[in-house]
Amino acid sequence: MRHEKVRTFQGPLEPWPGLRLIIVHSHFRPGGVRRLIEQAAPYLAEALRPQVDEVLLVGGEASVGSWQSEFRERLGGARLRCSMSPDLGYLSNRPAHPQTMAKRIRRHLQRLLAEAEPGHCVVWAHNLGLGRNPLLARELTRLCAQRNIPLVAHHHDWWFDNRWARWAEMRRAGFRTASQVARSIFAAGPNVRHIAINQADARLLQRHFGRQAGWLPNLCEPIDRPLVQHARAARLWLSQQLGDEAPVWVMPCRLLRRKNIAEALLLTRWLRPEAWLVTTGGVSSQEERDYADTLESAAKQRGWRLRLGILKGDDRAEPSVAELLAASEAVLLTSLLEGFGFPYLEALAARRPLLARLLPNVAPDLERFGFQFPQSYDELWVDSDLFDCEAERTRQKKLFSDWNRRIPRSFRRWLCRPGLVGSTETPKAVPFSRLTTTAQLEVLGQPLAESWARCSALNPFLKVWRRRVLAGRLRLASWPRKAEAWLNGKTYALRFQEILRHSVKSGARVNASIRVQRDFIRQKLGSGQLYPLLWSRKT
């Protein structure tokens, strides 16, 4: 693997005649946020005024490999610098006392911003709402408010969306109430703008923050398909890694349980049993290690064609994700949660057939852009005789009870009791997505012919898709003109500017931060979008 040495700049920033774009994120590992940054930053650098002539990456973990030099080339004439400190990364990885951590974070940011001037600096902070480092969110919002520096809080994921383990972490960091968290991640000062990547979240933000909030769907432009020789080289590389020339179905994702990988494996085994299911990324968090080990162990014992994390990093000898998709037969997306859903559009860009689970917060936006996905579904139903339903009910009730105790007491009244937890009867069928990993593996362990016979009638689309697979005619989605108008780089930069330049004199009304978080939590807990797969770090 080729590693590029990253030089860390500690500050202070010298006075600057142009505009500095300071990009803050916990890490710059591969993923959806980094992909957005690398695509959008060059357009912002060109469009913002005064013109951006320096980009500063600030976070807890730098990129590896050649990403930084490639990003520098994309920026054109703007200078690129990095300021990294482990204190700015995930709090769960840092053993220091919270007060010590807060002081170190404050000093780091103060050194960086000591000479920053409001008209010559914009801070673009990603995923503060994920809650992985609320100390960073608090110190950053305070310092930007003190210096009147524009702060764009770009929200991708939420700590309260099936991620209640974050609450215990935040309490250990000194945040005793949810209101304290809200004031850090939903800062309401007149220098702050909040951006959501889907319209459902944006509407709620705008209800409380008005012109301080906006909807900015992720930039995603159709790209040139990899050259035929590159796709062939990727196919050869896959054959070498897998040990045969069988068809390959790909999930372009990191190994996270919210990606619902077992569902993609079930679809692959039903529709194309000789094919490999491959995920591009591996485990990036120790919290997901048990899930990965369980899947790998079951696949090895049962002889399932599953390869997790086939791309090990930014290695020049490996194909790119785009080349890997071009070499595959089909792409799958079976996620339980997505803020935007890059894989939908990655499959289109690679001109590969997509089999996708539609998500309620993402599907309306994709429809508005004009996208139509010929192999899409809402839920994959499985016959309850394919797993021990009573054992699963007992397991889910225990997990739900433990999970419920992680939620702040004042919010528990909004919590619905989903699926098997809320019912005493044995249903004929349940959505595969609403099972624990244990029950999902029970279903996968049944003879294929039996599980197909029991479930194909529950999901009429499956027989249609199987005929298309056998005929080699899975359908491609097209890139509509309306999407080109919505998702191109210049439009993205203009919408960013529009949100940033809205005139706000006094900021949002009192307690807007607390109210917006409360409404989000009520919506998330009462929506029924609660998944046993996410209730425990164990399987």
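Residues numbered from 1 in each chain as written. Predicted model: local features only at pLDDT ≥ 70, side-chain atom pairs only at ≥ 80, totals over all residues. Heavy atoms only, no water.

Things to note about the overall build of the protein
Alright, step 1. Check the secondary structure of the protein and you find 20 helices and 15 strands.
Alright, step 2. Taking 2.2 N^0.38 as the reference for a compact globule, 539 residues should give roughly 24 Å; the C-alpha atoms of the protein span a radius of gyration of 23 Å, in line with that estimate.
Alright, step 3. Considering only C-alpha atoms, the protein reaches an extent of 70 × 55 × 45 Å along its principal axes.
Alright, step 4. Accessible surface, the protein as shown: approximately 22,300 Å² in total, 48% of it carbon and sulfur.
Alright, step 5. For the protein, the distance from the average site of its 84 positive side-chain charges to the average site of its 51 negative ones is 5 Å. (Helix = DSSP H or I, 4+ residues; strand = E, 2+ residues; numbered from the N terminus. Rg over C-alpha atoms; globule rule 2.2 N^0.38 Å. Areas by Shrake-Rupley, 256 points an atom, 1.4 Å probe, with all protein chains shown as cover. Lys, Arg positive; Asp, Glu negative; His and termini not counted. Charge placed at Lys NZ, Arg CZ, Asp CG, Glu CD.)

Quick look at the pattern of salt bridges
Alright, step 1. For the structure shown, the criterion picks out 36 salt bridges.
Alright, step 2. Between Arg166 and Glu169 there is a salt bridge whose closest N-O contact spans 2.8 Å. In this pair, Arg166 and Glu169 are both assigned in helix H5 (residues 165-172), 3 residues apart and thus about one turn of the helix distant. With respect to burial, Arg166 and Glu169 carry one shared label: buried. (Salt bridge = Lys/Arg side-chain N within 4 Å of Asp/Glu carboxyl O. Buried < 20%, exposed > 50% of the residue type's maximum accessible area, 1.4 Å probe, protein only.)

Side note on empty space enclosed by the protein
Alright, step 1. Counting across every chain of the model gives 3 cavities of 30 Å³ or more.
Alright, step 2. Estimates place the volume of the largest cavity at around 40 Å³.
Alright, step 3. Lining the largest cavity are Ile22, Val24, Val58, Leu109, Leu112, Leu113, Val123 and Leu140.
Alright, step 4. Contributing elements (two or more residues each) for the lining of the largest cavity: strand E1 (19-24) and helix H3 (98-113).
Alright, step 5. Ranked by residue count, the leading element in the lining of the largest cavity is H3, at 3 residues.
Alright, step 6. Taken together, the residues of the lining of the largest cavity sort by class into 8 nonpolar, no polar and no charged. (1 Å grid on protein atoms, 1.4 Å probe; cavity = no way out; pocket = protein on both sides within 12 Å on 5 of 7 lines; lining within 4 Å. Points joined across faces, edges and corners; volume = space filled by probe spheres on them. Nonpolar A, V, L, I, M, F, W, Y, C, P; charged D, E, K, R; others polar.)

Brief notes about the sheet that holds strand E7 (residues 213-215)
Alright, step 1. Strand order in this open sheet of 7 strands is E3-E2-E1-E4-E5-E6-E7, and the pairing throughout is parallel. In this open sheet, the two strands that pair with only one neighbour each are strand E3 (79-84) and E7. Mean inter-strand twist for the sheet, computed between neighbouring axes without regard to direction, equals 20°.
Alright, step 2. Judged from the 5 bridges that link them, E1 and strand E4 (residues 121-126) form a sheet pairing that is parallel. Counted as the bridge partner of Val24 is Ala125 from E4. (Pairing = 2+ DSSP bridges. Axes fitted to C-alpha atoms, helices over the stretch in contact; angles between N-to-C directions.)

Some details on the sheet that holds strand E11 (residues 330-333)
Alright, step 1. Taking strand neighbours across the sheet as the criterion, the 6 strands line up as E10-E9-E8-E11-E12-E13 in an open arrangement whose pairing is parallel. Single-partner strands in this sheet number two, and they are strand E10 (306-307) and strand E13 (376-377).
Alright, step 2. Bridging between E11 and strand E12 (residues 354-357) involves 3 bridges; their strand directions are parallel. Each bridged residue has a counterpart across the sheet, and for Val331 the counterpart in E12 is Leu354.
Alright, step 3. Lying over the sheet, helix H9 (residues 261-271) contacts strand E8 (248-251), strand E9 (276-279), E10, E11, E12 and E13, oriented at roughly 155° with respect to E9. (Contact = heavy atoms within 4.5 Å.)

Things to note about the packing of aromatic side chains
Alright, step 1. By the definition in use, this model includes 25 aromatic pairs.
Alright, step 2. Taking 6.0 Å as the distance between ring centres and 20° as the angle between the ring planes, the aromatic pair formed by Phe371 and Phe373 counts as stacked. Of the two residues, Phe371 and Phe373, neither departs from the other in class, the shared state being buried.
Alright, step 3. Pairwise contacts between aromatic rings join Trp158, Trp159, Phe160, Trp164, Trp167, Phe186 and Phe520 into one cluster.
Alright, step 4. For the cation-ring pair, Arg132 lies above Tyr90, with the distance from its terminal atom to the ring centre recorded as 3.9 Å.
Alright, step 5. A cation over an aromatic ring shows up here: Arg466 above the ring of Trp452, its NZ or CZ 3.8 Å from the ring centre. (Phe/Tyr/Trp six-rings, centres within 6.5 Å; stacked < 30°, edge-to-face > 60°. Lys NZ or Arg CZ within 6 Å of the ring centre and 35° of its normal.)

Quick word on H3
Alright, step 1. Under the 1.5 Å per step criterion, the end-to-end length of H3 is 22 Å for 16 residues, consistent within 8% with the ideal 22 Å.
Alright, step 2. Residues Pro98, Met101, Ala102, Ile105, His108, Leu109, Leu112 and Leu113 constitute the buried set of H3. Across the axial projection of H3, the buried residues extend over an arc of 130°, all falling on one side.
Alright, step 3. Close packing links the buried residues of H3 with E1, strand E2 (52-59), E3, E4, helix H4 (134-147) and H5. (Expected span 1.5 Å × (residues − 1). Arc of directions from axis to C-beta.)

Concerning the packing of helix H1 (residues 32-47) against helix H2 (residues 67-74)
Alright, step 1. With their axes 9 Å apart at the nearest point, H1 and H2 run at an angle of 25° to one another. In this view, H1 runs roughly parallel relative to H2, as classed from their interaxial angle. Where H1 abuts H2, its residues Arg34, Ile37, Glu38, Gln39, Ala41 and Pro42 lie against Trp67, Phe71 and Arg74.
Alright, step 2. Among the residues making up the contact of H1 with H2, the classes are represented as 5 nonpolar, 1 polar and 3 charged. (Parallel < 35°, antiparallel > 145°, perpendicular 65-115°, else oblique.)

Some details on the nonpolar core
Alright, step 1. Counting residues in hydrophobic clusters, the biggest one holds 133 residues, and the most contacted among them are Leu57, Trp124, Trp164, Tyr344 and Phe371.
Alright, step 2. Looking at which element gives the most residues to this core, the answer is H1, with 7 residues.
Alright, step 3. When neighbours within four sequence positions are excluded, Leu57 is seen to be in contact with Ile23, Phe28, Trp67, Phe71, Leu80, Arg81, Cys82, Ser83 and Met84.
Alright, step 4. One finds Ala262, Ala299, Leu355 and Leu380 within the second-largest nonpolar core, a separate group that totals 50 residues. (Core = buried A, V, L, I, M, F, W, Y, C linked by side-chain atoms within 4.5 Å.)

Considering the side chain of Ser184
Alright, step 1. Tracing the sequence through the fold places Ser184 in helix H6 (residues 178-185).
Alright, step 2. By relative accessible area, which is 4% here, Ser184 ends up buried.
Alright, step 3. For Ser184, the side chain forms a polar contact with the main-chain oxygen of Gln180, separated by 3.4 Å.
Alright, step 4. If near-sequence neighbours (up to four positions away) are discounted, Ser184 is found in contact with Pro134, Ala137, Arg138, Thr141 and Phe175. (Polar contact = N/O pair within 3.5 Å; in protein donor to acceptor, adjacent residues only side chain to side chain.)

Brief notes about the layout of surface pockets
To locate leftover empty space, one rolls a probe as large as a water molecule over the atoms.
Alright, step 1. Estimates place the volume of the second largest pocket at around 360 Å³.
Alright, step 2. In terms of lining, the second largest pocket is formed by 21 residues, of which the most central are Asp161, Asp201, Asn361, Gln523 and Lys524.
Alright, step 3. Of all the elements in the fold, those that place two or more residues in the lining of the second largest pocket are helix H7 (199-209) and helix H20 (512-526).
Alright, step 4. For the lining of the second largest pocket, the class distribution of residues is 6 nonpolar, 7 polar and 8 charged.

Looking at unusual backbone geometry
Alright, step 1. Following Arg49, the chain continues into Pro50 via a peptide bond in cis, with omega recorded as -5°.
Alright, step 2. Among the structural elements, Pro50 can be located in the loop between H1 and E2.
Alright, step 3. Of note in this structure, Asn127 is not a glycine but carries a positive phi near 60°.
Alright, step 4. Among the secondary structure elements, Asn127 is positioned in the loop between E4 and H4.
Alright, step 5. We note that Asn148 has phi near 55°; this positive angle belongs to a residue other than glycine.
Alright, step 6. For Asn148, the location among the structural elements is in the loop between H4 and strand E5 (151-155).

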